[in-house]
There are 2 protein chains.
Amino acid sequence: MGKLTISSRNAIMQESPIRKLAPLAVKAKSQGVHVYHLNIGQPDIKTPQIMIDAYHNIPPVIEYGPSEGLHSYRKKLVSYYKKVNIPVDESNIFITTGGSEAIIFTLLSALSPGDEVIIPEPFYTNYNGFAVMAGVNVVPITTKIENGFDLPPMKDFKAKLTPRTKAIVICNPGNPTGAVFSRERLQELVNFARKNNLYVISDEVYREFTYEGTATSILEFEDFEDNAVMIDSTSKRYSACGSRIGCIVTKNKELLKLILKFGQARLCPPSVDQVAAEAAIDTPDSYFKAVKKEYQKRRDVAYTELCRIPGAVVPNPKGAFYMVVGLPVKDADDFAKWLLSDFRYKNETTMVAPASGFYATEGLGKNQIRIAYVLKTEDLKKAIHILKLGLTEYKKK
Amino acid sequence: MGKLTISSRNAIMQESPIRKLAPLAVKAKSQGVHVYHLNIGQPDIKTPQIMIDAYHNIPPVIEYGPSEGLHSYRKKLVSYYKKVNIPVDESNIFITTGGSEAIIFTLLSALSPGDEVIIPEPFYTNYNGFAVMAGVNVVPITTKIENGFDLPPMKDFKAKLTPRTKAIVICNPGNPTGAVFSRERLQELVNFARKNNLYVISDEVYREFTYEGTATSILEFEDFEDNAVMIDSTSKRYSACGSRIGCIVTKNKELLKLILKFGQARLCPPSVDQVAAEAAIDTPDSYFKAVKKEYQKRRDVAYTELCRIPGAVVPNPKGAFYMVVGLPVKDADDFAKWLLSDFRYKNETTMVAPASGFYATEGLGKNQIRIAYVLKTEDLKKAIHILKLGLTEYKKK
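The residue numbering used here restarts from 1 in each chain and proceeds along that chain's sequence as written. Chain letters and ligand numbers both follow the written order, the letters beginning at A and the numbers at 1. Given that the model is predicted, a residue must reach a pLDDT of at least 70 before its local features are reported, and side-chain atom pairs must reach 80 or more before they are shown or counted; all residues, however, enter totals for whole chains, interfaces and linings. Note that the side-chain values use all heavy atoms of the structure and ignore hydrogens as well as water.

Trainee: Describe the overall build of chain A, naming the residues involved and giving the relevant values.
Mentor: Tallying secondary structure elements over chain A gives 12 helices and 12 strands in all. C-alpha atoms define the radius of gyration in this analysis, and the globule rule sets the expected value at 2.2 Å times the number of residues to the power 0.38. Relative to the globule expectation of 21 Å for 397 residues, the C-alpha radius of gyration of chain A, 21 Å, shows essentially globular dimensions. By principal-axis analysis of the C-alpha atoms, chain A measures approximately 60 × 55 × 50 Å. Taking all 397 residues of chain A together, 63% fall into the buried category. In what follows, a contact means two residues having at least one pair of non-hydrogen atoms within 4.5 Å. Across chain A, every contact between residues at least 6 apart in sequence was considered, and the portion connecting residues at least 24 apart equals 77%. In the form shown here, chain A has an accessible surface area of approximately 14,500 Å², with 52% of it arising from carbon and sulfur atoms. Here chain A carries 52 positive and 43 negative side-chain charges, and the mean point of each set is 4 Å from the other. Numbering of helices and strands runs from the N terminus, with a helix taken as a DSSP run of H or I at least four residues long and a strand as a DSSP run of E at least two residues long. Residue burial is assigned from relative accessible area. The probe radius is 1.4 Å, only protein chains are included, and a residue is buried under 20% of its type maximum, exposed over 50%, and partly exposed in between. Surface exposure here means Shrake-Rupley accessible area, sampled with a 1.4 Å probe, where a residue is shielded only by the protein chains that are shown. As used throughout, the charge tally considers Lys and Arg to be positive and Asp and Glu to be negative, leaving His and the chain termini uncounted. By convention, the charge on Lys lies at NZ, on Arg at CZ, on Asp at CG and on Glu at CD.

Trainee: Residues and numbers for the interface of chain A and chain B, please.
Mentor: Across the contact, 87 residues belong to chain A and 87 residues belong to chain B. The buried area of a pairing is the accessible area, by a 1.4 Å probe, that goes missing from both parts when the two are put together, added over both. Taken over both partners, the interface formed by chain A and chain B buries close to 6,900 Å², and the fraction arising from carbon and sulfur atoms is 58%. By convention in these notes, a salt bridge is any Lys or Arg side-chain nitrogen within 4 Å of a carboxyl oxygen on Asp or Glu. Scanning the region where chain A abuts chain B turns up zero salt bridges. As used in this structure description, the phrase polar contact means that two N or O atoms lie within 3.5 Å; if the pair is within protein, one of them must be able to donate a hydrogen and the other to accept it, and residues adjacent in sequence are counted only when both atoms belong to side chains. Seen at the junction of chain A and chain B, the total is 41 residue pairs in polar contact (both at pLDDT 80 or more). For the side of chain A that touches chain B, the secondary structure elements donating two or more residues are helix 4 (98-110), helix 5 (126-134), strand 5 (165-171), helix 8 (253-265) and helix 9 (271-280) of chain A. By residue number, the principal contributor to the side of chain A that touches chain B is helix 8 of chain A, which donates seven residues. Here the residues of the side of chain A that touches chain B sort into 42 nonpolar, 30 polar and 15 charged. Throughout this entry, Asp, Glu, Lys and Arg are counted as charged residues, while Ala, Val, Leu, Ile, Met, Phe, Trp, Tyr, Cys and Pro are counted as nonpolar. The remaining residues, Gly among them, count as polar.

Trainee: Please give an account of the relation of the copies chain A and chain B that cites residues and values.
Mentor: In this comparison the copies share one frame, found by least squares on the C-alpha atoms of residues holding pLDDT of at least 70 in both. The two copies are related by a screw operation: chain A maps onto chain B through 180 degrees of rotation and 0.0 Å of translation along the axis, at an RMSD of 0.0 Å. Given the turn and translation reported, the copies of this chain are related as if by a two-fold rotation axis. Among all C-alpha atoms of chain A, that of H56 of chain A lies closest to the rotation axis, at 2.6 Å. With an isologous cut-off of 70% or more, the 100% of interface residues of chain A that recur at the interface of chain B puts this contact in the isologous class.

Trainee: Could you give me a rundown of the domain arrangement of chain A, with the residues and numbers involved?
Mentor: All names here are of chain A. Segmentation of the chain into domains, including their bounds, is taken from an automatic or database domain assignment. We note that the domain assignment places domain 1 (8-46 + 286-396) and domain 2 (49-280) within chain A. With centres defined by C-alpha atoms, the gap from domain 1 to domain 2 works out at 26 Å. Between domain 1 and domain 2, the contact holds 39 residues from the first and 31 residues from the second. Across the interface of domain 1 and domain 2, roughly 3,000 Å² is buried in total on both sides, 63% from carbon and sulfur atoms. Among the residues domain 1 hides against domain 2, the three largest losses belong to K318, A320 and F358. Together they make up 19% of the total.

Trainee: Describe the pattern of salt bridges, and please don't skip the residues or the numbers.
Mentor: In the structure shown here, the tally under the stated rule is 46 salt bridges over all chains. Of the charged contacts, one joins E393 of chain A and K396 of chain A as a salt bridge, the two residues approaching to 4.0 Å between their closest N and O atoms. Placement of both E393 of chain A and K396 of chain A in helix 12 (residues 377-396) is noted, with a separation of three residues, approximately one turn of the helix. E393 of chain A sits in the partly exposed class, given a relative accessible area of 38%. Residue K396 of chain A is classed as exposed on the basis of its relative accessible area, which comes to 64%. With its nearest N and O atoms 3.8 Å apart, the salt bridge here joins K337 of chain B to D333 of chain B. Here D333 of chain B and K337 of chain B lie together in helix 11 (residues 332-341), a separation of four residues that amounts to about one turn. By relative accessible area, which is 14% here, D333 of chain B ends up buried. Taken together, the shared-partner salt bridges connect D44, E294, K297, R298 and K376 of chain A into one network.

Trainee: Which residues make up the sheet that holds strand 6 (residues 199-203) of chain B, and what are the values?
Mentor: Sheet strands associate in pairs through backbone hydrogen bonding, adopting either a parallel or an antiparallel arrangement. All names here are of chain B. Strands qualify as paired when DSSP identifies two bridges or more between them. Judged by pairing direction, the sheet is mixed, and its seven strands sit side by side in the order 2-8-7-6-5-3-4 without closing on themselves. Each having just a single partner strand, strand 2 (93-97) and strand 4 (137-142) make up the two edges of the open sheet. Neighbour-to-neighbour, the strand axes of the sheet open up by a mean angle of 25 degrees, direction not taken into account. Simply put, an axis is a line fit to the C-alpha atoms, just over the touching stretch for a helix, and the angle between two N-to-C directions goes from 0 to 180 degrees.

Trainee: Provide a residue-level description of the nonpolar core, including the pertinent values.
Mentor: Counting residues in each nonpolar core, the largest one holds 118 residues, and the members touching the most others are Y81 of chain A together with Y81 of chain B. Once residues within four sequence positions are removed from consideration, Y81 of chain B is found in contact with I86, V88, I93, R207, M230, D232, C247 and V249 of chain B. Throughout this description, the term nonpolar core refers to a set of buried Ala, Val, Leu, Ile, Met, Phe, Trp, Tyr and Cys residues connected via side-chain atoms within 4.5 Å. I6, F94 and F130 of chain A together with L258 of chain B belong to the second largest nonpolar core, which has 83 residues in total.

Trainee: Which residues make up a negative patch on the surface, and what values go with them?
Mentor: The patch calculation keeps residues exceeding 30% relative accessible area without a salt bridge and links them within 9 Å when they carry like charges or within 5 Å when they are nonpolar (Val, Leu, Ile, Met, Phe, Trp, Tyr). On the surface, E222, E225, D226 and E254 of chain A cluster together into a patch of negative charge. Within the element layout of this structure, D226 of chain A appears in the loop between strand 6 (199-203) and strand 7 (228-233).

Trainee: Pulling in residues and values, what's your account of the pairing of strand 10 (residues 348-351) of chain B?
Mentor: Residue and element names in this part refer to chain B. Neither face of strand 10 is left uncovered, since the one carrying E348 and T350 and the one carrying T349 and M351 both have all their residues buried. Judged from the four bridges that link them, strand 1 (residues 34-37) and strand 10 form a sheet pairing that is parallel. Residue V35 lies in a different strand from strand 10, and its bridge partner there is T349.

Trainee: Quick one: what's the story with the packing of aromatic side chains, residue by residue and with numbers?
Mentor: In summary, the pairing rule links any two rings of Phe, Tyr or Trp, Trp by its six-membered ring, whose centres are within 6.5 Å, and it sorts them by plane angle into stacked for under 30 degrees, edge-to-face for over 60 and tilted for everything else. The full count for this structure, using the stated rule, is 36 aromatic pairs over all chains. With a centroid separation of 6.0 Å and 50 degrees between ring planes, the pair formed by F157 of chain B and F192 of chain B is classed as tilted. Of the two residues, F157 of chain B is situated in helix 6 (residues 154-160) and F192 of chain B in helix 7 (residues 183-195); the sequence distance between them amounts to 35 residues. With relative accessibility at 0%, the residue F157 of chain B sits in the buried group. Overall, F192 of chain B belongs to the buried group, its relative accessible area being 9%. An aromatic cluster is defined as three or more aromatic residues linked by ring pairs; in this entry it consists of Y206, F209, Y295, F321 and Y322 of chain A. Charge-over-ring contacts are defined here by two conditions on Lys NZ or Arg CZ: a distance within 6 Å of the ring centre and an angle within 35 degrees of the ring normal. When the ring centre of Y295 of chain A is taken as reference, the NZ or CZ atom of R298 of chain A above it lies at 5.3 Å.

Trainee: Please provide a residue-by-residue account of the side chain of D203 of chain B, values included.
Mentor: All names here are of chain B. Relative to the assigned elements, D203 resides in strand 6. Although buried, D203 forms no salt bridge, and the nearest oppositely charged side chain, R207, lies 8.1 Å from it. Within polar-contact distance, the side chain of D203 engages the side chain of Y127 at 2.6 Å. Those residues within four positions of D203 in sequence are excluded, and the remaining contacts are I103, Y127, I170, C171, N172, P173 and I231.

Trainee: Break down helix 4 of chain A for me, citing the residues and quoting the values.
Mentor: For helix 4 of chain A, which comprises 13 residues, the first-to-last C-alpha distance of 19 Å matches the rise-based estimate of 18 Å (1.5 Å per residue) to within 8%. Most of helix 4 of chain A is tucked away, with 13 of its 13 residues classed as buried. Helix span, as expected, comes to 1.5 Å for every residue beyond the first.

Trainee: Talk me through the sheet that holds strand 5 of chain A; I want residue IDs and the actual numbers.
Mentor: Residues and elements named next belong to chain A. Strand order in the open sheet formed by seven strands is 2-8-7-6-5-3-4, with mixed pairing between adjacent strands. Single-partner strands in this sheet number two, and they are strand 2 (93-96) and strand 4 (137-142). The sheet shows a mean angle of 25 degrees between the axes of neighbouring strands, taken without regard to direction. The sheet contact formed by strand 5 and strand 6 spans five bridges and is parallel.

Trainee: Give me the packing of helix 4 (residues 98-110) of chain B against helix 8 (residues 253-265) of chain B: which residues, what numbers.
Mentor: Residues and elements named next belong to chain B. Taken N-terminus to C-terminus, the directions of helix 4 and helix 8 make an angle of 120 degrees; their axes are 9 Å apart at the nearest point. In terms of their interaxial angle, helix 4 and helix 8 are classed as oblique. Here the hand of the crossing between helix 4 and helix 8 comes out right-handed. In contact with F105, L108, S109 and A110 of helix 4, helix 8 contributes L255, L258, I259, F262 and G263. Taken together, the residues of the contact of helix 4 with helix 8 sort by class into seven nonpolar, two polar and no charged. These descriptions rest on fixed angle ranges, namely under 35 degrees for roughly parallel, over 145 for roughly antiparallel, 65 to 115 for roughly perpendicular, and the rest for oblique. Crossing handedness is read from the near helix: turned anticlockwise from the far helix by less than a right angle, it gives a left-handed crossing, and turned clockwise, a right-handed one.

Here you go:
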């Protein structure tokens, strides 16, 4: 009781690399500068009208719902999954407050404090935060920009195994890399995980956003029912990030029972947002076709424009709406800050996320940035042009 | 990697005593039996129209908001707190997904793994779940039904202190007891916590529901700014439990910085629900007057009716809408189950929450139940009448 302290977790809890430069952006804007945001995956795509309209159906009392989510919503989700070839029933589905809570509850329930989870890096940086919350340790396994951040060979995974390894987390299609793993590579991972009694927790929130072929779900593999946990969210699918509805899907009943206990402790996910998410399932296919076409166009523009930057290493992303790009700089963190604080072109600048924060291994990704291609193509072109001009100027320093 | 296992947390993660009898209630209902729910704090009071209407104002893209909550909402909350004599500014307010997340984030940020938090029991059972999630240990301190579950003397707290004690959690007005702590008793607690460098985390979500005088906030005490953390929620205040908007209020900047890091990991609380919560702040005083009057009437009815049960110990609750009642039975858990599965009066029965689940000390509260007086007075009378008849019948067994 020496003195009032805060948690020791402060030392291991990272600041968001996506949001940490925000104060510099705020300052630039206060100076009247227009900032193109390539740093954050906030799409400008409209939320489906059918979902918006559902918010008008509010009951006279906004009550608690069941801890596992509204029955009608879970039932309706089964039809959505059927459509994308994922055979599940409603007892396999647990509704959460966003994909974030889905991952936290899965880590809390599948792993004991001090256990280890292997995650291919660069990875969605918030996995770190979720691991800190759940008291488990992240063991990174490095993927390479040269081969489009594909899954590393199983011998690399094997080298990371310890008696405390309990799970592997993948994001497929991948944030921040845009990688989409082939069925064959996933089958290798599944065999490896089955043999070593590991969970594979597969974050599939970008399922709809693939530009070559379709993404394979971890739930499609046979004889892997107890090991497979799928994380999902309505945020990106319906461009409804603020509605905070996600879910855990697994056939592991024992795991779900423990997840339910954590779910009961926090009572329930938001009720009205669930009603809206349920309505969203009837979004016409034409919506997704148009959205996918738009993103594909954006990806193509981003890829083409970035390739014009001398010295840049640009893997062509296959899915999601992110890409990690190598730049001819030593310290992309410093460059990103400088863009916001010092560089202006026609009173505009570009905000990117330094990629080092997406690596758990110290020292990796220092020359890389993550780009979210969530802007209209004309803005995207301008933003990348500014990046290119900035780079030339920056290197003169 | 011996075999696929679930987390060791399963052994310490309690099932909700409020919800665990739910399957029995479902079964009774499927048999056409009407069940009076005295087990759960789901009010039947209408959500203010001004809040419902706000759900109609949906932007075309439901975007992420700031991790700390919408700026306009935090600003507006300052005016609400001013009205209830809690002087804070918006930088002291962090918006969460319900009071649940507020407590989880506070425990994660104020305590290190393995640290201890003292909580007067019986307490809101989900504090246990939050403690498991945060990897901290609950040290209960027993309060007595004979003196209305008032705060124990400081010497009792002192006896619980160890080098790992970092915080005290109180709920004021209290769930499940209905106790409201006097300013004098709170001042003793504040002095004790200040002297021993402990946080006092005060769950004040039932602020509006006091039937004698007003509740004192932990934020009202001087020279205690860094130690005081207040937990709040819109769930009960606006009868909007399903909207899942809460907040943490504290003047401890260092603590808030770490809370923000956890907040960034989960991105943001639900956006549309925050807009609705902001609108709710303009709910006219007449709404609260009517609601309080209604609850006071219910409390009076519940108290009067329960006092008619021979052998019952019934403290008159001063706040919230719960009460813990001692019954002339050995095992209230068994009695509660039996009411649902075996007892019928005019094809109706009553569901209560056994109170043992609200105690952390094994063996305490075995003859007690928690009652939520959230029903209309005529239903409340019937429900308690059934309880009384059931008790007579049960004792004949």
